[in-house]
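The chain contents come next:
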Amino acid sequence: MSKSITYQSKSVYDAIISRRTIRRFQKKPIKPDLLRRFVNAARLAPSAANLQPLEYFIVTEKEPCSKIFETIGWAAYITPKWAPSLEERPTAYIVILVEDINNKFYTRDVSLASENIVLAAEEEGIGSCILYNIDRDKIQEILKIPKTLHVDSIIALGYKAEHPVVEDLKDSVKYWRDENEVLHVPKRRLEDIIHINKF
Ligand SMILES: Cc1cc2nc3c(=O)[nH]c(=O)nc-3n(C[C@H](O)[C@H](O)[C@H](O)COP(=O)(O)O)c2cc1C
């Protein structure tokens, strides 16, 4: 039997279905090769006119990680204001940098690259959180990123310490935590968004 048949891996579809945003992480570090693998997945994402305006900055060292943590706005729907505890912080970040913000499709490129990263992470059992509510100037300063590059967003990564669940969206899009600290994520039902041949 060939190796490709015996290798047990999630299908892309399984990774899409099982992935949830994770904001609580284990202390176990992510191997550098895996982080490179995630950036490689981003590198190969579709890119408008194949212009490839993105670069990626991997952060794993303790001091910059804790400085970056301070620049993040977590889970805005959760009240009172919440952030991961010291024991449950991300163990790595990938910062997404843009060479040319005049490229009118760059946000689409970021989105596609980000999805490749979070799905490649999910395949490895690693949780992720795409973060846009960040202090870009501070991140630029902390990481000494040249001014020629624009900080778009960051992706927090780490082995999962929570397992959010999806539920059918009823009256609110707001994710919420139950009495057992499980995060519930409302999603629109397939029947409510799909149109086949006619409205
Ligand atoms: C463009 C974008 C920006 C986001 N920014 C943040 C953020 O700043 N802080 C945060 O805690 N989550 C952020 N998220 C995560 C969303 O809250 C999350 O994707 C959403 O609640 C749906 O949950 P799911 O990813 O588990 O499906 C962001 C997601 C996207 C796609």
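Worth saying up front: this structure is predicted, and the values here are computed from it rather than measured. (Residues numbered from 1 in each chain as written. Predicted model: local features only at pLDDT ≥ 70, side-chain atom pairs only at ≥ 80, totals over all residues. Heavy atoms only, no water.)

A. The state of the cysteines, seen in detail. Inspection of the entire model under this criterion finds zero disulfides. Not engaged in a disulfide, the cysteine C65 finds its nearest cysteine sulfur in C129; these two sulfurs lie 14 Å apart. (Disulfide = S-S within 2.5 Å.)

B. Molecular detail of a nonpolar patch on the surface. A contiguous nonpolar surface patch, about 430 Å² in accessible area, is contributed by V12, Y13, I16 and I17. Looking at the secondary structure, you find I16 in helix α2 (residues 12-18). (Patch = residues over 30% accessible without salt bridge, like charges linked within 9 Å, V, L, I, M, F, W, Y side chains within 5 Å. Areas by Shrake-Rupley, 256 points an atom, 1.4 Å probe, with all protein chains shown as cover. Salt bridge = Lys/Arg side-chain N within 4 Å of Asp/Glu carboxyl O. Helix = DSSP H or I, 4+ residues; strand = E, 2+ residues; numbered from the N terminus.)

C. Looking closely at the sheet that holds strand β7 (residues 183-187). One open sheet accounts for three strands, arranged β5-β7-β6; its pairing is mixed. The open sheet is flanked by β5 (165-168) and β6 (176-177), the only strands paired with a single partner. Sheet topology places β5 next to β7; four bridges connect them, and they run parallel. Counterpart to V166 in the pairing with β7 is V185. (Pairing = 2+ DSSP bridges.)

D. Here's a closer look at the pattern of salt bridges. If you walk through the whole model with that rule in mind, you get eleven salt bridges. A salt bridge links K10 to E122; the shortest N-O distance between them is 3.0 Å. Here E122 lies in helix α5 (residues 106-123) and K10 lies in the loop between α1 (3-6) and α2, a separation of 112 residues in the sequence. A network of salt bridges, in which partner residues are shared, links K10, E122 and K160.

E. Inspection of helix α4 (residues 62-69) at higher detail. Among the residues of α4, P64, C65, I68 and F69 are the ones counted as buried. All buried residues of α4 fall inside an arc of 140° around its axis, so they share one side. Exposed and oriented more than 90 degrees from the buried face of α4 are K62 and E63. Next to the buried residues of α4 lie β1 (54-59), β2 (92-98), α6 (136-142) and β4 (150-159). (Buried < 20%, exposed > 50% of the residue type's maximum accessible area, 1.4 Å probe, protein only. Arc of directions from axis to C-beta. Contact = heavy atoms within 4.5 Å.)

F. Representation of the sheet that holds strand β3 (residues 126-131) in the model. Read across the sheet, four strands follow the order β1-β2-β4-β3 without closing on themselves; strand pairing throughout is antiparallel. Every other strand in the sheet has two partners, leaving β1 and β3 as the edge strands with one partner each. Across the sheet, the mean angle separating the axes of adjacent strands is 20° when strand polarity is ignored. The sheet contact formed by β2 and β4 spans seven bridges and is antiparallel. Bridge pairing in β4 links Y93 to A156. Set on the sheet, helix α3 (residues 32-43) makes contact with β1, β2, β3 and β4; between it and β1 the angle comes to about 165°. Those strands touched by α4 are β1, β2 and β4, and its axis lies near 70° from that of β2. (Axes fitted to C-alpha atoms, helices over the stretch in contact; angles between N-to-C directions.)

The quantities given are spatial measurements derived from coordinates; they are silent on function.
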